[in-house]
Amino acid sequence: DSHRRMRKNWDLYLIQQLTNHCPNPRRSLLSTYPVGYHLSSTAQPQDSESSASFYVKDNEIRGTRLVPWKFDENGFLRQKGVFLSQAAFAEGKPIRTQLFAAGFCFGMAEWLVKDAPYEGLHHLFFGEEQSMAVRLFTRGYDMYAPAESVCYHLWSRAHRPPPPTINSRVDPEDGNLDGFQHQ
């Protein structure tokens, strides 16, 4: 998406992580929440793909792994990313995890198109990741967090307008945009 940055050769690194360290690469996924980045105050709009347009605090490259965090007011399990320990990072191998991150997942395409497609999850936000984790596990997939960060996400929304929301009286399938509103 437009507020994501990938490091150089990210794909080669992730393929190496899957093929060299996961017992069954075809049924393994690398998934976690990306480390945050910040916009550079000196960046120009045309710099969006250059490293001058953003920075990562302390040049952090350790990977993160997902952990259960809390139950929210609606009873949904919330998860968060925590940095890998220095020892786990130094080992350089992916870390087994039970949780899934919709915003960053890498593996063979079969999981998405054949084994656990997003059917019925189109309008689900909270709960989507837990549903997918269970569906993948029950279909024989293992999930891992990569040892190093390859993906960085702009978590702050201060620089952009809020996304549109859908008024519950409007059917989003009918193409009528009158029900969209900004929060």
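This section reports on the structure supplied with the text. Model, not experiment: these values are computed from the prediction.

**As for the overall build of the protein**
- When you go through the protein residue by residue, the secondary structure sums to 4 helices and 13 strands.
- Across the 183 residues that make up the protein, the buried fraction comes to 37%.
- A separation of at least 24 residues holds for 65% of the contacts in the protein among residues at least 6 apart in sequence.
- Of the roughly 11,500 Å² that the protein leaves accessible, carbon and sulfur atoms contribute 54%.

**What about the nonpolar core?**
- Judged by nonpolar contacts, Tyr13, Leu14, Leu18, Cys22, Leu30, Phe104, Phe106, Tyr144, Ala147, Val150 and Cys151 together constitute the single largest core of 11 residues.
- Here this core gets 3 residues from one element, more than from any other, and that element is helix H1 (residues 10-21).
- If we ignore the near neighbours within four places in the chain, the residues touching Ala147 are Tyr13, Gln17, Ile61, Arg62, Gly63, Leu84, Phe89, Gly92, Lys93 and Pro94.
- Leu29, Leu136, Tyr141 and Met143 belong to the second largest nonpolar core, which has 9 residues in total.

Reading guide: rules and limits
- Residues numbered from 1 in each chain as written.
- Predicted model: local features only at pLDDT ≥ 70, side-chain atom pairs only at ≥ 80, totals over all residues.
- Heavy atoms only, no water.
- Helix = DSSP H or I, 4+ residues; strand = E, 2+ residues; numbered from the N terminus.
- Buried < 20%, exposed > 50% of the residue type's maximum accessible area, 1.4 Å probe, protein only.
- Contact = heavy atoms within 4.5 Å.
- Areas by Shrake-Rupley, 256 points an atom, 1.4 Å probe, with all protein chains shown as cover.
- Core = buried A, V, L, I, M, F, W, Y, C linked by side-chain atoms within 4.5 Å.

Take it as geometry only, folks, not as evidence of what the structure does.
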